Amino acid sequence: MTGHDAPTRYGFLDCNSPIAAWRLDRQVEECAAADPRLIVDIGCGWGELLQRVTAKVPGAKAYGVDSDLELLERGRAGAERRGIADRLEFVEYRGEDWTEPADLVICIGAVHAFGTAADALRALYRIVKPGGRLLIGDGVWNRVPTEAELAAMWPETSTGDWMLLPEFVDAAIATGFRPLRVESVEQSEWDDFESQFLADKEVWLLANPGHPRAAEIREQADAHRNWWLRGHRGLLGFGYLTLGRPVE
Ligand SMILES: C[S@@+](CC[C@H](N)C(=O)[O-])C[C@H]1O[C@@H](n2cnc3c(N)ncnc32)[C@H](O)[C@@H]1O
């Protein structure tokens, strides 16, 4: 899992967003139960959830859209392994430019491709077919942080980067959706996500302490851990909304 020259990239994560295994299982079940014919995942990464939903709905055609070729390759390999590569295409494309409407649209951790979460909801509404669904996930403040708290987070984080969960739901309703499920992750899901995110670097550092890049990698890992443990931990949540677009 760990090469000599550089740490792996997302090698320890099943999904590139905070989510517990049980929550992922339930989202897969609920997405599949709606029996979508056409599915698109905007900002899919390697599309673990997308792969699993597609595998559960034998008649579905699915597209995973992302701008990162390496992640798309991981998705293609997963689709091959699951025997669904003929129905699931991973497409290198700007998510905000996708126009083909689908019965199920997924957009998790990628709303920034559209601007704000409200911008994303408006744009995504246009590609959810009437009667279809959107599963959207993104950061939500557990409470709005103070300036001092913001200063300990990733550089340039601002209160406007995320909404409170009720505001996220209000924005979805104002767009025309109705909420079918509103959920936000437990602290343990964020902690697992950040730990697994950092594991690429930490495992590599343990195996390569004398490598010329070790100091640089250690510095990056320690900075990230500080942004998490001294910065957003407890303040930033992650909300998932399952939304329905009414029939016309
Ligand atoms: C936090 S990751 C989430 C990945 C995936 N949805 C998941 O939950 O595992 C965000 C993804 O959005 C992709 N992304 C960011 N901007 C994009 C854009 N303009 N168009 C397409 N994909 C984009 C990134 O490459 C990355 O894979």
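Note that the structure is predicted; figures quoted are calculated from it, not measured.

Thresholds, definitions, all that
- Each chain has its residues counted from 1, following the order in which its sequence is written.
- Local features in a predicted model are, by the rule used here, given only for residues with pLDDT of at least 70; side-chain atom pairs are given and counted only at 80 or more, and totals for whole chains, interfaces and linings are based on all residues.
- For helices the rule is a DSSP run of H or I covering at least 4 residues; for strands it is a run of E covering at least 2, with both sets numbered from the N terminus onward.
- Radius of gyration here uses only the C-alpha atoms, and the compact-globule reference equals 2.2 Å multiplied by the residue count raised to the power 0.38.
- Burial is judged by counting other C-beta atoms within 10 Å of a residue's own C-beta: 20 or more means buried, 12 or fewer means exposed, and anything between counts as partly exposed, with every C-beta placed from the backbone.
- Placing a C-beta atom from the backbone of each residue, one calls two residues in contact when those atoms lie within 7 Å.
- UniProt positions are given in the numbering used here, feature names are shortened, and annotations may be inferred rather than shown by experiment.
- When DSSP locates at least two bridges between a pair of strands, those strands are taken to pair.
- When the strands point away from the viewer, a crossover counts as right-handed if the path from the first strand over the helix to the second runs clockwise.
- Here is the check we use: build the C-beta atom from the backbone, and if it is within 6 Å of the molecule or strand, call the residue near.
- For this scheme, ten residues count as nonpolar: Ala, Val, Leu, Ile, Met, Phe, Trp, Tyr, Cys and Pro. Four count as charged, namely Asp, Glu, Lys and Arg, and the remainder, Gly too, count as polar.
- By our criterion, buried Ala, Val, Leu, Ile, Met, Phe, Trp, Tyr and Cys residues that link up through C-beta atoms within 7 Å make up a nonpolar core.
- For every element, the axis is a line fit to its C-alpha atoms; helices are fit only across the contacting stretch, and the angle between N-to-C directions ranges from 0 to 180 degrees.
- Oblique is the label for any angle not covered by the other classes, which are roughly parallel (under 35 degrees), roughly antiparallel (over 145) and roughly perpendicular (65 to 115).
- By the definition used in this description, the sense in which the near helix is turned from the far one sets the handedness, with an anticlockwise turn below a right angle giving left-handed and a clockwise turn giving right-handed.
- Take the residue count of a helix, subtract one, and multiply by 1.5 Å to get its expected span.

## Some details on the overall build of the protein chain
Okay, so step 1: Each helix and strand in the protein chain was counted, giving eight helices and eight strands.
Okay, so step 2: By the compact-globule yardstick of 18 Å for 248 residues, the protein chain fits well, its C-alpha radius of gyration being 19 Å.
Okay, so step 3: Overall, the protein chain is about 60 × 45 × 30 Å in size when its C-alpha atoms are taken along their principal axes.
Okay, so step 4: Among the 248 residues that make up the protein chain, the fraction classed as buried is 36%.
Okay, so step 5: For the protein chain, restricting intrachain contacts to residue pairs at least 6 apart in sequence, the fraction spanning at least 24 positions comes to 72%.

## Structural notes on the UniProt feature "domain: Methyltransferase type" (unreviewed entry) in the protein chain
Okay, so step 1: In the UniProt entry, the feature "domain: Methyltransferase type" (unreviewed entry) is given for residues 40-134.
Okay, so step 2: Taken end to end, residues 40-134 is 34% helix and 29% strand, and its first and last C-alpha atoms sit 10 Å apart.

## Things to note about the pairing of strand E3 (residues 88-92)
In summary, the side chains of a regular strand alternate between the two faces of the sheet.
Okay, so step 1: As paired strands, strand E2 (residues 61-66) and E3 are joined by five bridges and run parallel to one another. For Asp66, the partnering residue across the bridge sits in E3 and is Glu92.
Okay, so step 2: After leaving E2, the chain enters helix H3 (residues 69-82) and then returns to the sheet as E3, a path that is right-handed.

## Overview of the site of the ligand
Okay, so step 1: Residues in close proximity to the ligand total 19 residues, the closest being Gly43, Gly45, Gly95, Gly109 and Ala113.
Okay, so step 2: Here the shell around the ligand is built from residues that sort into seven nonpolar, seven polar and five charged.

## Quick notes on the nonpolar core
Okay, so step 1: By size, the foremost hydrophobic cluster in this structure holds 50 residues, and its most contacted members are Val105, Cys107 and Leu124.
Okay, so step 2: Residue assignment for this core shows that the elements contributing at least two residues are strand E1 (38-42), helix H2 (48-56), E2, strand E4 (102-108), helix H4 (117-125), strand E5 (128-141), helix H6 (165-175) and strand E8 (236-244).
Okay, so step 3: Sort the elements by how many residues they give to this core and E4 lands first, with six residues.
Okay, so step 4: Setting aside residues no more than four positions away along its own chain, Val105 makes contact with Val40, Ile42, Leu124, Ile127, Val128 and Leu134.

## A few points about the packing of helix H1 (residues 21-33) against H2
Okay, so step 1: One can describe the packing of H1 onto H2 by two numbers: an axis separation of 9 Å at closest approach and a directional angle of 45°. Between H1 and H2, the angle falls in the class oblique. As for the relative orientation of H1 and H2, their crossing is right-handed in sense. The segment H1 lies against H2, with Leu24, Gln27, Val28, Cys31 and Ala32 engaging Leu49, Arg52, Val53 and Lys56.

## Notes on unusual backbone geometry
Okay, so step 1: Notably, Tyr10 is not glycine yet its phi reads approximately 55°, a positive angle.
Okay, so step 2: With respect to the helices, strands and loops of the structure, Tyr10 is situated in the segment before H1.
Okay, so step 3: Overall, Tyr10 belongs to the partly exposed group, with 17 C-beta atoms counted inside 10 Å.

## Quick look at the packing of H4 against H6
Okay, so step 1: H6 packs onto H4 with a crossing angle of 35° between their chain directions and a minimal axis gap of 9 Å. Here H4 runs over H6; the crossing is right-handed. Counting all contacts with H4, which are made through Ala117, Ala118, Leu121, Arg122 and Tyr125, the residues of H6 involved are Phe168, Ala171, Ala172 and Thr175.
Okay, so step 2: Its residues assigned to classes, the contact of H4 with H6 shows seven nonpolar, one polar and one charged.

## Considerations on the environment of Ala152
Okay, so step 1: Positionally, Ala152 belongs in the loop between helix H5 (147-151) and strand E6 (163-164).
Okay, so step 2: Sequence separation between Ala152 and Trp227 is 75 residues; the distance between their C-alpha atoms is 6.0 Å.
Okay, so step 3: Aside from chain neighbours lying at most four places away, what touches Ala152 is Arg230 and Gly231.

## Describing the environment of His4
Okay, so step 1: Along the chain, the position of His4 falls in the segment before H1.
Okay, so step 2: A residue is classified by how many C-beta atoms lie within 10 Å of it, and His4, with 8 of them, is exposed.
Okay, so step 3: In sequence terms His4 and Ala207 are 203 residues apart; their C-alpha atoms lie 8.1 Å from each other.

## Description of H1
Okay, so step 1: Spanning 13 residues, H1 covers 18 Å between terminal C-alpha atoms, matching the ideal 18 Å at 1.5 Å per step.
Okay, so step 2: Directly beyond the C-terminal end of H1, a positive phi value near 50° is found at Asp35.

## Remarks on the environment of Trp162
Okay, so step 1: Structurally, Trp162 can be placed in the loop between H5 and E6.
Okay, so step 2: Residue Trp162 is classed as buried on the basis of its C-beta count, with 26 C-beta atoms lying within 10 Å.
Okay, so step 3: Spatially, the C-alpha atom of Trp162 lies 21 Å from that of Asp192, the residues being 30 residues apart in sequence.

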